[in-house]
Amino acid sequence: MARFIAWRIAQLPVILAVVYLITFGLVWVAPGSPYENNDRALSEAAKNDLKLRFHAQSWEQFLTYYPWQIVRHGDFGPSLSYEGWSVNDILRSSLPVSMALGLVAVFIALIGGSAAGVTAAVRRGGLLDVLSLGMALVGVSLPAFVVAGLLIVIFSDWLHWLPGGGWGELRQIVLPALALAMMPMAYIARLTRSSMLDTLGNDYIRTARAKGLPRWTVVWKHAFRNAFLPVFTYLGPATAYAMTGSFVVETVFNIPGLGQHFVNGVKNRDQTLILGTVLVYAAFLLTLNLLVDIGYAVVDPRIEVEARQQ
Amino acid sequence: MMRLLTIPVMLAGLAAAAVYWSNDAGGRRPDFAFINRGDNKCLDPNGMSWMQDIRVAYALWEGLYTLDPVTLTPVLGCADRATVDSTRTVWTLHIRPEARWTNGDRVKAGDFLFEWRRFLETPGEYTYLHYYVRGAKQYASEFADYVAAKEKGGTTRPAPDFSIVGEKALDERTLVVTLSDPVPFFPALLAFPPFFPMHEASMRPFRESDGLHYRLDFTRPPNLVSNGPYRLAQWSFKRRLRMVASDYYWNRANVKSRVVDQVYADDGLAAYRTYERGEADWLSDVDANLAAQILAKGGRDDLHVFPAFGTYFYTLNCLPNLPDGRENPLADVCVRKALAMSIDRDPIVRNVGRLGQPPSRTYIPPNVFEGYSSPPGLAYDPEQARKLLAQAGYRNGQGFPNLTILYNTDGIHADVAQIMRRQWLNNLNIQMDLQGVEVKVFGQMLHTQQYAVARASWYGDYADPTTFSDKYKSDSDDNDAKWSNAEYDRLCAEAQRETDQGRRLRLLGRAENILLNEAPIIPLFTYVNAYMIRPQAKGIPLAANAMLMFNSVQVVR
C-alpha cells in the first residue's frame, strides 16, 4: 500500500512537468506576443520590469527563463495586463476564495447527490426516483447564470432569507455554493443511481437481506460503499474544477475568486496570468486525482487486497 | 461506513479551513465603504490618470493646497502660508511645521522637489502640467535626450542641470516656484495629484537598477508612506482597499471616519446589489441602464443624478491619411462640418442616455466656469450639411469612402454609435461600419490614431477652461484627432500670458469657437454623474468633477 502511494506520488511531478511543457509550447506557438508593437503591446514600464527580473528582452527569452523562475522561486511573474501586480499576488488573493467556495459546493453536491441517487435507486420507479431524475436533468441542463439568477431572485429578493452575493460572511457562501453545486450534484445523483442499481442487483445484497439485516443498513453500509466508487472517481476532477472557480457564478454573486482571471486573462491576452491559472488548475487536478487514487484503497477494501496481492 | 464518512468529513474540514483562509476583512467593519468607479490601476501619482485612482490619492496624500470638502475649491493644505509676487509668477510656499508623513517623519520641501523632479525625469500623463513652471519643459526634453543617449551606448554627456527649473527649496520648509507665465489657477494645480510630495526614503528599496524607475510594489501596504489624512492599510487585488486614518495628519481631529473601505464590484448589477445589501454606503458610478430604469420607475431618493464636469463627443481623424493608407476625407474641414451638422442629439440623450444628460454643442461644458461665455457651436442643420458635403465633392454621399466608427464595448457606446451611423446614412447618404473593441485596446487605438471616427470623452481635472482647451493644442499628447490650427495655438498661448482674467477667458472663448467651427470633434452631450448614497452617509458632495475629500465623509448610524 505504501509502495503504491509512493509510486503515485513520484509520478506527480513528471506528469506536471509534461503539462507545463505542453502549455508553454502552446503559448509559444500562439501568434502575437506582448512585445510586438500592436494594440496589445506591453507598456514600457512592464517591458522594463520583464527585462530586469526575467532577463528577457524578447518573448522567446521570457518563455525560456520562465519555467526556471517558477520552479526555483515559485514566481509566476508579473501580470501583463494588470500593471504592478504579480500573478502570485493575484493568485494569493483569489485562490483561497475559490477554494473555499468550491469545497463547500462539492460538499453540498456530494451529500445531496448521493442521498438523491440512493433514494432514487432504492425507490426505483417511485415518485422520488422521478423527482430526483428530474432534478438531475434540470441541474445538468440549466446554465449556471440561470440557476444563479433564480436563486438570487427567490432567496434574496423575494424571501430575504440569504444575501445575494459578496464574500465575507458565512451566510454569503450558501447561494453561490448552491449555484455551483447544481451541476455536480445532478451528475453525482445520476452516477449514484445507476451504480446503486447495479450493486443492488448483486448476490451479496440478496444474501444480506435474506439474513434479515435492516433495509437501510444494507443499502448504506453494504451497497453504497461499493456503489460509491464511480462517484469517488468523478469527485476528483469535480473538486478541481469547482475549486478553481467558475467565472459565471463569481461574476453574478460578485465573488473575488479565480474564475474571472481565467476568462479575463484570455480576453486581455495576459499570457503570464493564463499560464499561472492553467498551471494551478493542472496541479490541483493532478493532486486531487492522486488523492482519489489513494482514497480508493480506503473506500473499497477490494482494491487494497488486489494491490497487495500484486 | 466509517471509512466512507472520512471523505465528507475531510471535505468539510478543508472547506472550513479554506473559508477561514479566504477572509480578509480582519473582523473590523469599516466606518465607511464605497464602490469606486472600477479597479484601481496605479497608486503612484506619477502614473495616475484615472478618476478612481485620483479619488484614492486625495485621501492618501495632501498637496500644498488641498480641496475644501464642501466646495472643492483649493484651500491651503500642507502649506500654511502662500504668497505670490507682483508679476504673479513667483510663488513662495511655506510648509506647515506639524505636517507629517504616515510614519511620523516631517514633511520637507525636498519631498515636493523629489516628486516634481521625478515627474520631469520619468514623464507621466500629467507631466504637461509641470510645464507651467519655468524651465521645466526644457529640462524634461534635455533629460529625455540624456537617457536615450545613455541607453544607446554610454556617452560621457553629463546629466542636465536641474537648477534651470524654477523650483527651489529656500530651506527645509520653504518652496519657491517660478512660473513662466502667470497661472491664476496655480493653487488648483498644487492641489492636484501631479503636484503631491512623495516619501523618497520608503521608495528607495524599490528603485530599479536604472536609478530612475520604481517598482510599483512601493505603493502596496505596508510600504506606502503618504502624507494625507489616511494611510493605506490593506490592498487585496480586486477585493478590498482599506484606508485607516493617519495618526500623524495635522488635521486629524477633523477626519470623521477612521476606517474607509473601497469594495470591488466588477459588474454594474453586482455593484448595485452590493450597495443594496448594505456592504457599501456609496455607489459612485451607477450602471447607466440601471440608473435610467430606477429614474423612470421613481420612488428612490438615494439616487442622485447631476451634471458632470465632462463632455461626451465624437472625434474625427484629421490626418491626411487613414490608418489603412487610404486618403482621409475627414482631413477636409467641409466634410467634418457636414458630419457635425447632420447629427440630431435629441434621440441620443432621450433614448440612450435616459438620465437627463444635457445635449451639448460645445466642447467645454457650458455654465461651469464663471465669466466664461461658451461659443454657439454648430447647429443641427442637415440641409446645410448636405451642401457642405457636396462642396467637398461628395454630392449626396457619392464617392465617399466607407469609414469605421470605433468604440469600446462598455456602457452606452454601441447604442450611440448605431444612432450616429443611422443619422449619417439618413441625412448624408454615407455608409459607415461599426467596430467595438474592449476598453484597453480602444485607448491604444485612439491614442495612436488607428481610427477614422471614434467616440471620446474628456473630464476636466481642475477649475479652469484650460483643462479642456489644452487637449487640442498642436503639441498636446492628448490630441487624439491630431488636429492642428495655428490660430488656436496662438490664442491659447496668448491666454497663458494674459493676466486679466476677463480678457483671458475671452481669448479662450475665441479659441474654442475655432475648435467647434473646424469640427475635429462633434460634441454630443454633457455627462451626468449618477451616485447612490445611503441616506445616513453624509459629507459626499454632488460635485461635477466626481471628486470628494474623504475626511469629511461620515456614516451617521
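Quick note: structure is the one above.
Basis of the calculations
- Residues numbered from 1 in each chain as written.
- Chains lettered and ligands numbered in written order.
- Predicted model: local features only at pLDDT ≥ 70, side-chain atom pairs only at ≥ 80, totals over all residues.
- Helix = DSSP H or I, 4+ residues; strand = E, 2+ residues; numbered from the N terminus.
- Buried ≥ 20, exposed ≤ 12 C-beta atoms within 10 Å, placed from the backbone.
- Contact = placed C-beta atoms within 7 Å.
- Rg over C-alpha atoms; globule rule 2.2 N^0.38 Å.
- Nonpolar A, V, L, I, M, F, W, Y, C, P; charged D, E, K, R; others polar.
- Axes fitted to C-alpha atoms, helices over the stretch in contact; angles between N-to-C directions.
- Parallel < 35°, antiparallel > 145°, perpendicular 65-115°, else oblique.
- Left-handed = near helix turned anticlockwise from the far one by under 90°.
- Pairing = 2+ DSSP bridges.
- Expected span 1.5 Å × (residues − 1).
- Bend = angle between axes of the 7 residues up to and from the residue.

Asker: Help me get a handle on the overall build of chain A, residues and values and all.
Answerer: For chain A, the count of helices and strands is 13 helices and 0 strands. Along chain A, from the amino end to the carboxyl end, the secondary structure elements read α-α-α-α-α-α-α-α-α-α-α-α-α. Expressed as a percentage of the 310 residues in chain A, the buried residues total 43%. Residue pairs at least 24 apart in sequence account for 71% of intrachain contacts in chain A once pairs closer than 6 positions are excluded.

Asker: So what's going on with the overall build of chain B? Residues and values would help.
Answerer: Secondary structure summary: chain B contains 17 helices and 18 strands in total. Taking 557 residues into account, the globule formula puts the C-alpha radius of gyration at 24 Å, and chain B, at 26 Å, falls close to it. Counting only C-alpha atoms, chain B reaches 80 × 75 × 50 Å along its principal axes. Intrachain contacts of chain B at a sequence separation of at least 6 include 67% that bridge at least 24 residues.

Asker: Any chance you could break down the interface of chain B and chain A for me, citing the residues and the numbers?
Answerer: Taken residue by residue, the interface counts 41 residues in chain B and 40 residues in chain A. Secondary structure elements with two or more residues in the side of chain B that touches chain A: helix H1 (2-22), helix H8 (268-276) and helix H14 (439-447) of chain B. Here the side of chain B that touches chain A takes 13 residues from H1(B), the largest share from any one element. When the residues that make up the side of chain B that touches chain A are grouped by side-chain class, the tally is 20 nonpolar, 10 polar and 11 charged.

Asker: So what's going on with the packing of helix H7 (residues 171-200) of chain A against helix H9 (residues 215-243) of chain A? Which residues, and what values?
Answerer: Residue and element names in this part refer to chain A. Two elements in contact, H7 and H9, have axes separated by 8 Å at closest approach and are oriented at 155 degrees. In terms of orientation, H7 lies roughly antiparallel with respect to H9. In this structure, H7 crosses over H9, and the sense of that crossing is right-handed. Here Leu 180, Pro 184, Tyr 187, Ile 188, Leu 191, Thr 192, Ser 195, Met 196, Asp 198, Thr 199 and Leu 200 of H7 lie close against H9, whose contacting residues are Ala 223, Phe 224, Asn 226, Ala 227, Pro 230, Val 231, Tyr 234, Ala 238 and Ala 242.

Asker: Requested: an account of the sheet that holds strand S16 (residues 521-533) of chain B, with residues and values cited.
Answerer: All names here are of chain B. Taking strand neighbours across the sheet as the criterion, the 10 strands line up as S8-S9-S10-S1-S11-S16-S12-S15-S13-S14 in an open arrangement whose pairing is mixed. Sheet topology places strand S8 (230-236) and strand S14 (432-437) at the edges, where each strand pairs with a single neighbour. In the sheet, strand S12 (residues 303-316) pairs with strand S15 (residues 453-459) via 7 bridges, with the strands oriented antiparallel. Pairing of Tyr 312 across the sheet is with Ser 457, part of S15.

Asker: Let's hear about the environment of A:Arg124: which residues, and what values?
Answerer: Residue and element names in this part refer to chain A. Relative to the helices and strands, Arg 124 is located in the loop between helix H4 (87-122) and helix H5 (127-141). When the C-alpha positions of Arg 124 and Ser 86 are compared, they lie 54 Å apart, and in sequence the two are 38 residues distant. Those residues within four positions of Arg 124 in sequence are excluded, and the remaining contacts are Asp 129 and Leu 197.

Asker: Go over the environment of B:Leu425 with me, naming the residues and quoting the values.
Answerer: All names here are of chain B. Assignment of secondary structure puts Leu 425 in helix H13 (residues 413-428). By the C-beta count within 10 Å, which is 14 here, Leu 425 ends up partly exposed. Between the C-alpha atoms of Leu 425 and Ser 342, which are 83 residues apart in sequence, the distance is 9.8 Å. Setting aside chain neighbours within four positions, we find Leu 425 in contact with Ile 430 and Gln 431.

Asker: Any details on the sheet that holds strand S4 (residues 79-84) of chain B? Residues and values, ideally.
Answerer: What links the strands of a sheet is backbone hydrogen bonding, and the strands pair in either a parallel or an antiparallel sense. All names here are of chain B. Strands sit in the order S4-S5-S7-S6 across an open sheet of 4 strands; the sheet is antiparallel. Each edge of the sheet is formed by a strand with only one pairing partner; in this case those strands are S4 and strand S6 (167-171). Within this sheet the neighbouring strands show an average axis-to-axis angle of 20 degrees, counted without direction. In this structure, strand S5 (residues 90-95) lies alongside strand S7 (residues 174-178), joined through 5 bridges in antiparallel fashion. Following the sheet pairing, Trp 91 is matched in S7 by Val 177. Each of S5, S6 and S7 is contacted by helix H3 (residues 109-121), which is oriented at about 165 degrees to S6, the strand it contacts most.

Asker: Tell me about the pairing of strand S10 (residues 259-263) of chain B, and please be specific about residues and values.
Answerer: The side chains of a regular strand alternate, first on one face of the sheet and then on the other. Residue and element names in this part refer to chain B. When you tally the buried positions in S10, you get 4 out of 5 residues, the bulk of the element. Note: strand S9 (residues 240-245) against S10, 5 bridges, orientation antiparallel. What sits directly across from Val 244, in S10, is Val 259.

Asker: Residue-level account of the environment of B:Ile521, with values.
Answerer: Residues and elements named next belong to chain B. If you trace the backbone, Ile 521 turns up in strand S16. Separated by 84 residues in sequence, Ile 521 and Val 437 have C-alpha atoms that sit 20 Å apart. When neighbours within four sequence positions are excluded, Ile 521 is seen to be in contact with Phe 313, Tyr 314, Thr 315, Leu 316, Tyr 363 and Ala 481.

Asker: Just give me the short version of helix H8 (residues 203-211) of chain A, but keep the residues and values in it.
Answerer: Given 3.6 residues to a turn, an α-helix orients residues that are three or four positions apart in the same direction. Burial analysis of H8(A) places just 0 of its 9 residues in the buried class, a small minority of the element. Of the residues trailing H8(A), A:Gly212 is marked for its positive phi of about 100 degrees.

Asker: So, the packing of helix H11 (residues 259-267) of chain A against helix H12 (residues 271-299) of chain A: which residues are in play, and what are the values?
Answerer: Describing two packed helices takes the angle between their axes plus the distance from one axis to the other. Residues and elements named next belong to chain A. In the contact formed by H11 and H12, the axes pass within 8 Å of each other and the chain directions differ by 145 degrees. In terms of crossing hand, the pair formed by H11 and H12 is left-handed. The segment H11 lies against H12, with His 261, Phe 262, Gly 265 and Val 266 engaging Leu 273, Ile 274 and Thr 277. When grouped by side-chain class, the residues that make up the contact of H11 with H12 number 4 nonpolar, 3 polar and no charged.

Asker: Would you mind going over unusual backbone geometry in detail, with residue names and values included?
Answerer: Residue B:Pro222 follows B:Pro221 across a cis peptide bond; omega there is 0 degrees. Relative to the assigned elements, B:Pro222 resides in the loop between helix H7 (200-203) and S8. Backbone geometry at A:His160 places phi at a positive 55 degrees, although glycine is not the residue there. Structurally, the position occupied by A:His160 is in the loop between helix H6 (144-158) and H7. Residue A:His160 is classed as exposed on the basis of its C-beta count, with 9 C-beta atoms lying within 10 Å. Unusually for a residue other than glycine, B:Lys482 sits at a positive phi of about 50 degrees.

Asker: Break down H4(A) for me, with residues and values.
Answerer: Residues and elements named next belong to chain A. Between the first and last C-alpha of H4 there are 49 Å, a value that for 36 residues agrees with the 52 Å anticipated at 1.5 Å per step. Along its length, H4 reaches its greatest deviation from straightness, about 30 degrees, at Ser 94, and the proline Pro 96 lies no more than four positions downstream. Counting buried positions along H4 yields 31 of 36 residues, so the element is predominantly enclosed.

Honestly, that's just the spatial picture; any functional story needs more than this.
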